[in-house]
Amino acid sequence: MIEFPDKKWKDYELLDSGHGAKLERFGRYVLQRPEPKALWDPDMSKEEWDRMTHTRFRPGAGFGKAGKEDSGTWEMLRKMDGQWHIDYPGLQDGLKFRLRLGLTSFKHVGVFPEQAPNWEFIYRSVKALEGTPKVLNLFAYTGAASLAAKAAGADVTHLDSVRQVVSWARGNMESSSLDGIRWVVEDAMKFAGREARRGRLYQGVILDPPAYGHGPDGEKWKLDECLFELLRAVSGILDPEHGFIVLNLYSNGYSAALGETLVRQAFGSVPQGNMKSGELALNDRFGKVLPLSIFVRLVL
């Protein structure tokens, strides 16, 4: 199964892709960014790309090195703001939020557009639960998934190990006219383990772990070594009768089948309920499909 953002989202578009890069429009600005999975030829010429582009990312010395993000610099081709906002108008009534974007030294801009189908699932899953469900978002970045859960009426805990990113997410909450999200700057593994020991349960857990990373106190994270242990910890804090999880993985070589097996093994005796897995991808103007991550969703 392959899922894409809906065409209703007018503030984002993958214009073209190829030669290891993608040409994207975020609101009123067009960006060129490296994309190793774009192995084919682009449909538009380099001159056409450059004529449309406001800025393009140039990888630095850390490009492609294990354990490091793709650091580099932005080359301005046309005048643009360093920060700007886009809106996400969900497919469901009440699902909408605003995101502040910015040019970072790691080629990221503050949103992963292919995640839109997960936001829709999160909103729908929270709405299906009674009362005020508790949702924990681990590795939460700038908070789009947290905003989707909050918009649906959840009691949201947003966790990331980078304080500046958490501050960015707080700004997105305020720009979206939402409030009440709990902010936590901590190592995800430590937090999940402590919550399990305290006997705290969540009706929703969202996980979008990086391949490599560090906690706020220097804790090392390597996906291959830590993911199963983290999922086991999450199995101890997810409501076994009325809960859902979303697992998203960007690491090359990970498949939907592998993700499903990890979740099934980690949750052991917990009733499996409904499980769905697949790929999240973007579709450019010329019909080329760019797969970017795999997802596993479990509803108990």
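Residues numbered from 1 in each chain as written. Predicted model: local features only at pLDDT ≥ 70, side-chain atom pairs only at ≥ 80, totals over all residues. Heavy atoms only, no water.

Colleague: Mind laying out the side chain of Ser277, listing which residues take part and the relevant values?
Modeller: Structurally, the position occupied by Ser277 is in strand β16 (residues 274–283). A polar contact is formed between the side chain of Ser277 and the side chain of Glu260, at a distance of 2.8 Å. In this view, Ser277 contacts Met1, Ala256, Glu260, Phe295 and Val296; residues no more than four positions away in its chain are not counted. (Helix = DSSP H or I, 4+ residues; strand = E, 2+ residues; numbered from the N terminus. Polar contact = N/O pair within 3.5 Å; in protein donor to acceptor, adjacent residues only side chain to side chain. Contact = heavy atoms within 4.5 Å.)

Colleague: Tell me about the pairing of strand β15 (residues 244–249), and name the residues and values.
Modeller: Burial within β15 is extensive, with 6 of its 6 residues counted as buried. Going residue by residue along β15, you find Phe244, Val246 and Asn248 tucked away on one face and Ile245, Leu247 and Leu249 tucked away on the opposite face as well. Relative to β15, strand β12 (residues 204–207) is paired through 4 bridges, and the arrangement is parallel. Within β15, the position partnered with Ile206 by the bridge is Val246. Pairing analysis gives 6 bridges linking β15 to strand β17 (residues 289–299), with the strands arranged antiparallel. By the bridge assignment for β17, Val246 is matched with Arg297. (Buried < 20%, exposed > 50% of the residue type's maximum accessible area, 1.4 Å probe, protein only. Pairing = 2+ DSSP bridges.)

Colleague: Break down the packing of helix α5 (residues 188–198) against helix α6 (residues 223–235) for me, with residues and values.
Modeller: Between α5 and α6, whose axes approach to 9 Å, the crossing angle comes to 25 degrees. Of the possible angle classes, the one that applies to α5 and α6 is roughly parallel. Here α5 and α6 pass one another in a crossing that is left-handed. Of the residues in α6, those in contact with Ala188, Met189, Ala192, Gly193 and Ala196 of α5 are Cys226, Glu229, Leu230 and Ala233. (Axes fitted to C-alpha atoms, helices over the stretch in contact; angles between N-to-C directions. Parallel < 35°, antiparallel > 145°, perpendicular 65-115°, else oblique. Left-handed = near helix turned anticlockwise from the far one by under 90°.)

Colleague: Let's hear about the sheet that holds strand β3 (residues 21–26): which residues, and what values?
Modeller: Within a beta sheet, neighbouring strands are joined by backbone hydrogen bonds and run either parallel or antiparallel to one another. Read from one edge to the other, the open sheet built from 5 strands follows the order β2-β3-β4-β5-β6, with strand pairing classed as mixed. Across the chains shown, the open sheet's two edge strands, defined by having one partner strand only, are β2 (12–18) and β6 (72–76). The sheet shows a mean angle of 20 degrees between the axes of neighbouring strands, direction not considered. Sheet analysis places strand β5 (residues 55–59) next to β6, joined by 5 bridges and oriented antiparallel. Across the sheet, residue Pro59 finds its bridge partner in β6, namely Gly72.

Scope: geometric values only; no functional claims are made or implied.
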